[in-house]
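Reading the structure
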Amino acid sequence: MKHGSILVTGGAGYIGSHVALQLRARGERVLILDDLSRGFRQAALDTPLIVGAVADRERVRGVLHEHGVDTVMHFAAHTIVPESVREPLKYYRNNTCATGALLECCLEAQVRHFVFSSSAAVYGVPAEGFAAESTPTAPINPYGTSKLMSEWMLADVARAASLRYVALRYFNVAGSDTGGRIGQATPNATLLIKVACEAALGKRAHVAIFGTDYPTPDGTGVRDYIHVEDLAAAHVDALSYLRGGGACITLNVGYGHGYSVRQVLESVERVSGKRLAVREEPRRAGDPGALVARADRIRAELLWRPRLDDLDGIVRSALAWEERLLRDPW
Ligand code: UD1
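So, how was this worked out
- Residues numbered from 1 in each chain as written.
- Predicted model: local features only at pLDDT ≥ 70, side-chain atom pairs only at ≥ 80, totals over all residues.
- Heavy atoms only, no water.
- Near = heavy atom within 4 Å.
- Polar contact = N/O pair within 3.5 Å; in protein donor to acceptor, adjacent residues only side chain to side chain.
- Areas by Shrake-Rupley, 256 points an atom, 1.4 Å probe, with all protein chains shown as cover.
- Helix = DSSP H or I, 4+ residues; strand = E, 2+ residues; numbered from the N terminus.
- Nonpolar A, V, L, I, M, F, W, Y, C, P; charged D, E, K, R; others polar.
- Domains from an automatic or database assignment.
- Phe/Tyr/Trp six-rings, centres within 6.5 Å; stacked < 30°, edge-to-face > 60°.
- Buried < 20%, exposed > 50% of the residue type's maximum accessible area, 1.4 Å probe, protein only.
- Lys NZ or Arg CZ within 6 Å of the ring centre and 35° of its normal.
- Expected span 1.5 Å × (residues − 1).
- Contact = heavy atoms within 4.5 Å.
- 1 Å grid on protein atoms, 1.4 Å probe; cavity = no way out; pocket = protein on both sides within 12 Å on 5 of 7 lines; lining within 4 Å.
- Points joined across faces, edges and corners; volume = space filled by probe spheres on them.
- Pairing = 2+ DSSP bridges.
- Axes fitted to C-alpha atoms, helices over the stretch in contact; angles between N-to-C directions.
- Buried area = accessible area lost by both parts, 1.4 Å probe.
- Salt bridge = Lys/Arg side-chain N within 4 Å of Asp/Glu carboxyl O.
- Lys, Arg positive; Asp, Glu negative; His and termini not counted.
- Parallel < 35°, antiparallel > 145°, perpendicular 65-115°, else oblique.
- Left-handed = near helix turned anticlockwise from the far one by under 90°.

1. Here's the deal with the site of the ligand
Taken together, 21 residues lie near the ligand, and Ser 119, Asn 172, Leu 192, Ala 208 and Asp 287 sit nearest. In the model, an oxygen atom of the ligand is placed 2.8 Å from a nitrogen or oxygen of the Arg 284 side chain. Isolated, the ligand exposes 740 Å² of accessible area, and the fraction of that covered by the protein chains is 91%. Elements supplying a minimum of two residues to the shell around the ligand: helix H6 (192–200) and strand S9 (207–210). By residue number, the principal contributor to the shell around the ligand is S9, which donates three residues. Here the residues of the shell around the ligand are counted per class, giving 13 nonpolar, five polar and three charged. When residues of the shell around the ligand are sorted by domain, at least three fall in each of domain 1 (5–173 + 225–253) and domain 2 (192–223 + 256–327).

Here it is in structure tokens:
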């Protein structure tokens, strides 16, 4: 059967651009919709880029129709937890309301498949620090709530219409394209591995550890860091699953084990050969202590097989990307 085009919203952003690249490499017809508010034109590489907002119904209707889109992969969103605590309505508007508008257009255009970029932030602070898909959702910041509300809309829409979806709850994404073409380029980044790599290269004076009194083995926050290329591959697998007739499903994407902030900083020192200036600071608003995936289900359902589960390897690719940005800023 001939497949339609795939619309990747937010495809000029960090994760969306890696997914678009993998889809193109598989010979899919892909187009990107991105308002470039946080994305970069360069990140689209040679994938056709439409500059526009997900919430612009007229624009989205036109794109879905003109390009014969049958699958939407939806990444466009704001993603910074502390910012969501300061400006909650921005998150409900950009993430939840915009997703609602996009879903309306998808129903009108009879889009068949939807892959949604959700987040481990929907779990809040799970008991023992591990979250399975069956763990009760209880977000502790507006970012997590904005994503959970989108999941609920998606589930209700799928019950009422013929659209089928995979919602992927990402844990902590890091690293960059092994070909060195794209990576995380957001200015004033807040992600730990990026911040620490910037510090190793002298772009920042120091790295802060936000909280040393969490109930974790060394008192610092523990996360499940996953390489962006393994995460992108999960989307390609989700597409195969949906095309194969798979039922609507929500899945964690993580490796199933975590590292503390201190362990990450040690890895950055090891890989870069530099000593980091580290400052211990109070906890950051909205941060859970430990958040690690129970990640068996995605392997069973999507046959996802991660290839890059190695903290030093993730840090090496993140560092290579920061070195490239030093030479050639975006
Ligand atoms: C990230 C994602 C979020 C996702 C979550 C899932 C982004 C911007 N954030 O948030 O969307 O829901 O993973 O777990 O994509 N830390 C420091 N110093 C720093 C920066 C961070 O100590 O300078 C600590 C944090 O307190 C936390 C850990 O490092 O314990 C990871 O933080 P960060 O990289 O900002 O990611 P999350 O907040 O977990």
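2. Details of the packing of aromatic side chains
Under the definition given, this model contains four aromatic pairs. Each ring, one from Phe 40 and one from Trp 330, has its centre 5.5 Å from the other, and the planes form 50 degrees; the classification is tilted. With Phe 40 in the loop between strand S2 (30–34) and strand S3 (49–51) and Trp 330 in the segment after helix H10 (311–327), the pair connects residues that are 290 residues apart, well separated along the chain. Residue classification places Trp 330 among the partly exposed positions, given a relative accessible area of 23%. Through successive ring pairs, a cluster of aromatic residues spans Phe 40, Trp 321 and Trp 330. Positioned over the ring face of Tyr 214 is Arg 283, at 4.1 Å from the centre of the ring. Against the face of Phe 130 rests Arg 294, its NZ or CZ located 3.9 Å from the ring centre.

3. Comments concerning helix H5 (residues 142–160)
Between its first and last C-alpha atoms H5 spans 27 Å; for 19 residues at 1.5 Å apiece the expected length is 27 Å, and the two agree. Every buried residue belonging to H5 is among Pro 142, Tyr 143, Gly 144, Ser 146, Lys 147, Leu 148, Ser 150, Glu 151, Leu 154, Ala 155, Val 157 and Ala 158, and all of these are buried. Where H5 is buried, its residues touch helix H3 (81–86), helix H4 (88–108), strand S5 (113–119), strand S7 (164–170) and strand S12 (249–253).

4. Things to note about empty space enclosed by the protein
On inspection of all chains with the given rule, the structure shows one cavity of 30 Å³ or more. Counted as a void, the largest cavity has a volume near 30 Å³. What lines the largest cavity is simply His 74, Phe 75, Ala 76, Ala 77, Asn 95, Thr 99, Phe 116, Ser 117, Lys 147 and Ser 150. Those elements giving two or more residues to the lining of the largest cavity turn out to be H4, S5 and H5. Classifying every residue of the lining of the largest cavity gives four nonpolar, five polar and one charged.

5. As for the sheet that holds S2
On the basis of which strands lie adjacent, the open sheet formed by seven strands has the order S3-S2-S1-S4-S5-S7-S12 and parallel pairing. Strands with a single pairing partner mark the edges of an open sheet, and in this sheet they are S3 and S12. Within the sheet, the average angular offset between the axes of one strand and its neighbour, ignoring direction, is 20 degrees. In this sheet, S3 lies alongside S2 in parallel orientation, the contact comprising three bridges. Within S3, the residue paired with Asp 34 across the bridge is Val 51.

6. A closer look at the sheet that holds strand S13 (residues 259–260)
Spatial strand order, S6-S15-S10-S13: four strands in an open sheet with mixed pairing. At either margin of the open sheet sits one strand with a lone partner, and together these are strand S6 (130–131) and S13. Relative to S13, strand S10 (residues 222–223) is paired through two bridges, and the arrangement is antiparallel. In the sheet register, Arg 223 faces S13, and the bridge partner there is Tyr 259.

7. What to know about the domain arrangement of the protein chain
It is common to give the size of an interface as the accessible area lost on bringing the parts into contact. As far as domains go, the protein chain holds domain 1 (5–173 + 225–253) and domain 2 (192–223 + 256–327). Each of domain 1 and domain 2 was reduced to a C-alpha centroid, and the two centroids are 23 Å apart. The largest share of the area that domain 1 buries against domain 2 comes from Phe 130, Tyr 225 and Asp 230, three residues that together contribute 29% of it. Viewed at the interface, domain 2 and domain 1 are joined by zero salt bridges.

8. Some thoughts on the side chain of Asp 70
With respect to the secondary-structure elements, Asp 70 resides in strand S4 (residues 69–74). An unpaired buried charge is present at Asp 70: no salt bridge exists, and Arg 112, the closest side chain of opposite charge, is 4.1 Å distant. What Asp 70 contacts, discounting residues up to four positions off in sequence, is His 3, Gly 4, Ser 5, Val 111, Arg 112 and His 113.

9. Quick look at the packing of H4 against H5
Across the interface, H4 lies against H5 with an axial gap of 8 Å and an inter-helix angle of 15 degrees. Between H4 and H5, the angle is such that the two are roughly parallel. Here H4 and H5 pass one another in a crossing that is right-handed. Contacts between H4 and H5 involve Pro 88, Tyr 91, Tyr 92, Asn 95, Thr 96, Thr 99, Gly 100, Leu 103 and Leu 107 on the former and, on the latter, Pro 142, Tyr 143, Thr 145, Ser 146, Lys 147, Met 149, Ser 150, Met 153, Leu 154 and Val 157. For the contact of H4 with H5, the class distribution of residues is eleven nonpolar, seven polar and one charged.

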